[in-house]
Amino acid sequence: MESLGEKLKNTRVEKGLSIDQISRETNISIRFLEALESENFSVFPGEPYLIGFLKNYSAFLDLDVQKIISLYRALRIQEQPVPVEQLLKNSPRIPAFLLPALIVLILLGASVWGIYTLIINKQNSSSQNAQVARAPVEYIMEGNSIERRLYKNDSVLVTLDSETYKVELFNLSEAVTIRTPRGTEILDLSQEVNIDLNSDGIPELRITVADFAKNNPDMGALLHFYLMDVSVLTGADVEPVTTQAVPAATVTSTTIIPSSPNAYPFTLQVNFQGFCMFRWEILHERDRTGTNQRYFQRNEALDIQAQNGIRIWVSNAAAARFQVIGGGRTFPVEIGTAGEVVVANILWVRDEDGRYRVVLTRLET
């Protein structure tokens, strides 16, 4: 039986497709396509990204997406094999002279167990068939984020401006159904939604489905709740893209991720082609502040994950290749030319029509 990686590779070869061609058609990095075919899952920034790329790749090859995802999950279950020592371990031999005593002990134990069972059955005859239901759990969100595995009817209490709002996991079947103060939301694996808790027209809470198995409510759903920085989504601290002429030497903006109904986490992937100094800073996140700085060498790589935006500084723009990964897609990013020092923001902005996009904004150096 073909493994997951063999299934992808053999199908690609049968269709006469190259890795480079598929990368161009799907916007998935060659590095990630090769990792899927070799089943090297450690290179992915997180399982939601892996699942998204796997779905896109299998759909492009006209494979059954659900069967491919099932192959992946089965592979993950088998990742921890039984130690060889246990497989080779010999069963202990019982000396012949101990067999009669062992038989007596077994008979005695069976008699005691029979009497105990009879007593228990009599005491609980009225409730023998009753099922004990799991009591719903209510979690309190402290700070600006919380991640919990919730089961049906579990809930999270979110406090915003001295008001407390309840978000409940209402149902688990083909999708995850979440009940919020503003209505019901239905999400699949890796999907997310922004919720306007206080009806002021601005979403404050982002909910992401990090792990979930269809039609298996016993597994529950791993949900991530993130209280967003409203100033970012309203554009209070962001230089928006306008139609007015702006001097090229001061600020230039380029769209990376096109129009989207909501903002979601993304990853900036940097592959260094030469030696350079590189700095980065996560923008508009209360729990991740401060500037990071390193001197990178050829063939090194860096993945930076962010909810809202990233500020970067590179001493030689041609010494690194950049791409943004978000929503299961990969977007190449052009930063600058050889020998150029570049300072830029890569972040979500909200347009006048209420939709979002990720833009690269070069700042004055």
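As a reminder, the structure under discussion sits directly above these lines.
Moving on, we come to the packing of helix H3 (residues 30–38) against helix H4 (residues 47–60). Running from N to C, H3 and H4 point in directions that differ by 85°, and their axes come no closer than 11 Å. With respect to their mutual orientation, H3 and H4 come out roughly perpendicular. Here H3 contributes Phe 32, Leu 33, Leu 36 and Glu 37 to the contact with H4, which in turn contributes Phe 53, Leu 54 and Tyr 57.

All right, on to the packing of aromatic side chains then. For the coordinates displayed, the defined rule picks out eleven aromatic pairs. Centre to centre, the rings of Phe 278 and Phe 322 are 6.1 Å apart; their planes meet at 45°, and the pair counts as tilted. Placement of Phe 278 in strand E12 (residues 276–283) and of Phe 322 in strand E16 (residues 320–326) is noted, with a sequence separation of 44 residues between them. One exposure class covers both Phe 278 and Phe 322, and it is buried. Through a chain of ring-to-ring contacts, three or more aromatic side chains come together here, namely Phe 272, Phe 278, Trp 280, Phe 296 and Phe 322. The cationic tip of Arg 279 hangs over the ring face of Trp 313; the distance from NZ or CZ to the ring centre is 4.0 Å. Lying over the aromatic face of Phe 296, Arg 294 brings its terminal NZ or CZ to 4.1 Å of the ring centre.

All right, on to the sheet that holds strand E1 (residues 138–140) then. Across the sheet, which stays open at both edges, the five strands sit in the order E1-E3-E4-E5-E6 with mixed pairing between neighbours. Strands with a single pairing partner mark the edges of an open sheet, and in this sheet they are E1 and strand E6 (183–187). Going across the sheet, the axis of each strand differs from the next one's by a mean of 25°, ignoring polarity. Pairing between strand E3 (residues 155–160) and strand E4 (residues 163–172): six bridges, direction antiparallel. The residue bridging Val 156 from the neighbouring strand is Val 167, located in E4.

Here we come to the pattern of salt bridges. Scanning all chains against the criterion turns up nine salt bridges. Close ionic contact of Asp 154 with Arg 134 constitutes a salt bridge, the shortest N to O distance being 2.9 Å. You can see Asp 154 sitting in the loop between strand E2 (145–150) and E3 and its partner Arg 134 sitting in the loop between helix H7 (99–123) and E1, a full 20 residues away along the chain. For Asp 154, a relative accessible area of 0% gives the class buried. As a salt-bridge pair, Lys 214 and Asp 188 come within 3.0 Å of each other at their nearest N and O atoms.

A word on helix H1 (residues 4–14). For H1, the full list of buried residues reads Leu 4, Gly 5, Leu 8, Thr 11 and Arg 12. Viewed end-on, H1 has its buried residues packed into an arc of 145°, placing them on one side of the element. Residues Val 13 and Glu 14 are exposed on H1 and point more than 90 degrees away from its buried face. For H1, the elements touching its buried residues are helix H2 (19–26), H3, H4 and helix H5 (65–77).

Let us now look at the environment of Asn 292. The topology assignment puts Asn 292 in strand E13 (residues 291–296). A C-alpha to C-alpha distance of 8.4 Å links Asn 292 and Phe 278, two positions 14 residues apart in sequence. For Asn 292, the contacting residues outside a window of four places in its chain are Phe 278, Arg 279 and Trp 280.

Once that is clear, we can look at a nonpolar patch on the surface. Taken together, the side chains of Leu 99, Leu 102 and Ile 106 make up a nonpolar region of the molecular surface, amounting to roughly 250 Å² of accessible area. Relative to the assigned elements, Leu 102 resides in helix H7.

Looking now at the nonpolar core. Formed by 50 residues in total, the largest nonpolar core has its most connected members in Phe 44, Val 176, Leu 205 and Phe 225. Top contributing element to this core by residue count: H4, with six residues. Among all residues touching Leu 205, those that are not within four sequence positions of it are Met 141, Val 158, Val 167, Val 193, Asn 194, Ile 195, Leu 197, Phe 225, Tyr 226, Leu 227 and Met 228. The next biggest cluster of nonpolar side chains, apart from the first, holds 34 residues, and it includes Val 270, Ala 319, Ala 320 and Leu 360.

Below, the discussion takes up the packing of H4 against H5. Packed helices, taken two at a time, are described by their axes: the angle between them and the distance between them. Here H4 crosses H5 at 140°, and the two axes come no closer than 9 Å. By the angle between their directions, the pair H4 and H5 is classed as oblique. Note on packing geometry: the crossing formed by H4 with H5 is right-handed. For the pair H4 and H5, contact is made by Glu 47, Leu 50, Ile 51, Leu 54, Lys 55, Ser 58 and Ala 59 and by Val 65, Ile 68, Ile 69, Tyr 72, Arg 73 and Arg 76, respectively. In terms of residue class, the contact of H4 with H5 is made up of eight nonpolar, one polar and four charged.

The subject of this paragraph is the side chain of Glu 37. Looking at where Glu 37 falls in the secondary structure, it is placed in helix H3. Of the residues examined, Glu 37 reaches a relative accessible area of 14% and is grouped as buried. Here the side chain of Glu 37 touches Tyr 57 through a polar contact of 2.7 Å, side chain to side chain. Here Glu 37 is in contact with Gly 5, Glu 6, Leu 8, Lys 9, Arg 12, Ile 19 and Tyr 57, once residues within four sequence places are set aside.

The turn linking E3 back onto E4 is made up of two residues, and Asp 161 within it adopts a positive phi angle of 50°. Pairing between E4 and strand E5 (residues 176–180): four bridges, direction antiparallel. The partner of Asn 171 across the bridge, within E5, is Thr 177. If you look at the hairpin formed by E4 and E5, you'll find three residues sitting between the two strands.

Reading the values: rules and limits
Residues numbered from 1 in each chain as written. Predicted model: local features only at pLDDT ≥ 70, side-chain atom pairs only at ≥ 80, totals over all residues. Heavy atoms only, no water. Axes fitted to C-alpha atoms, helices over the stretch in contact; angles between N-to-C directions. Helix = DSSP H or I, 4+ residues; strand = E, 2+ residues; numbered from the N terminus. Parallel < 35°, antiparallel > 145°, perpendicular 65-115°, else oblique. Contact = heavy atoms within 4.5 Å. Phe/Tyr/Trp six-rings, centres within 6.5 Å; stacked < 30°, edge-to-face > 60°. Buried < 20%, exposed > 50% of the residue type's maximum accessible area, 1.4 Å probe, protein only. Lys NZ or Arg CZ within 6 Å of the ring centre and 35° of its normal. Pairing = 2+ DSSP bridges. Salt bridge = Lys/Arg side-chain N within 4 Å of Asp/Glu carboxyl O. Arc of directions from axis to C-beta. Patch = residues over 30% accessible without salt bridge, like charges linked within 9 Å, V, L, I, M, F, W, Y side chains within 5 Å. Areas by Shrake-Rupley, 256 points an atom, 1.4 Å probe, with all protein chains shown as cover. Core = buried A, V, L, I, M, F, W, Y, C linked by side-chain atoms within 4.5 Å. Left-handed = near helix turned anticlockwise from the far one by under 90°. Nonpolar A, V, L, I, M, F, W, Y, C, P; charged D, E, K, R; others polar. Polar contact = N/O pair within 3.5 Å; in protein donor to acceptor, adjacent residues only side chain to side chain.

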